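Next come the chains, spelled out residue by residue.
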Amino acid sequence: MNFHTIFFFLNLLRSIKLLLSRDWQVKFLHCFREANKVADSLANMAVMAPSSRMVFVDPPLLVLDHLRWDRYGTSWPRLISG
């Protein structure tokens, strides 16, 4: 991890702590990737992106199907090996 990446995450954490210190109630909930395939696809795109910032005017093609499935309420079971 290079200096710029570390600085980015430290700055992000500082911003989150500042938001959490305000006078409001905040609740974090874990969501498995199967329950939010759009966010999972966008996160995967960010990891592979050559730039640290991406701006979309329209949803990327990779998430269009996931958006359609969300609209129809399609659910995806989480497969657990064991």
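Small disclaimer: the values here were computed from a predicted structure and weren't measured. (Residues numbered from 1 in each chain as written. Predicted model: local features only at pLDDT ≥ 70, side-chain atom pairs only at ≥ 80, totals over all residues. Heavy atoms only, no water.)

**Some words on the UniProt feature "domain: RNase H type-1" (unreviewed entry) in the chain**
In step 1: Residues given the UniProt feature "domain: RNase H type-1" (unreviewed entry) here are residues 11-46.
In step 2: Between the C-alpha atoms that bound residues 11-46 there is a distance of 18 Å. The span itself is 56% helix and 0% strand. (UniProt positions renumbered as here; feature names shortened; annotations may be inferred. Helix = DSSP H or I, 4+ residues; strand = E, 2+ residues; numbered from the N terminus.)

**Considerations on helix H2 (residues 37-48)**
In step 1: Taking 1.5 Å per residue, 12 residues should reach 16 Å; H2 reaches 17 Å between its end C-alpha atoms and fits that length.
In step 2: Residues of H2 that are buried include every one of Val38, Ser41 and Met45, and no others. Across the axial projection of H2, the buried residues extend over an arc of 65 degrees, all falling on one side.
In step 3: Against helix H3 (61-71) lie the buried residues of H2. (Expected span 1.5 Å × (residues − 1). Buried < 20%, exposed > 50% of the residue type's maximum accessible area, 1.4 Å probe, protein only. Arc of directions from axis to C-beta. Contact = heavy atoms within 4.5 Å.)

**Some remarks on the packing of H2 against H3**
For any two helices packed against each other, one specifies the inter-axial angle together with the distance between the axes.
In step 1: Following both chains from N to C, one finds H2 and H3 inclined at 165 degrees, their axes separated by 8 Å at the closest point. Judged by the inter-axis angle, H2 sits roughly antiparallel to H3. Crossing angle aside, the handedness with which H2 passes H3 is left-handed. Contacts between H2 and H3 pair Lys37, Val38, Ser41, Leu42 and Met45 from the former with Leu62, Val63, His66, Leu67 and Asp70 from the latter.
In step 2: Among the residues forming the contact of H2 with H3, the class breakdown is six nonpolar, two polar and two charged. (Axes fitted to C-alpha atoms, helices over the stretch in contact; angles between N-to-C directions. Parallel < 35°, antiparallel > 145°, perpendicular 65-115°, else oblique. Left-handed = near helix turned anticlockwise from the far one by under 90°. Nonpolar A, V, L, I, M, F, W, Y, C, P; charged D, E, K, R; others polar.)

**Looking at the environment of Arg33**
In step 1: Looking at where Arg33 falls in the secondary structure, it is placed in the loop between helix H1 (3-20) and H2.
In step 2: Between the C-alpha atom of Arg33 and that of Arg78, which follows or precedes it by 45 residues, the distance is 8.7 Å.

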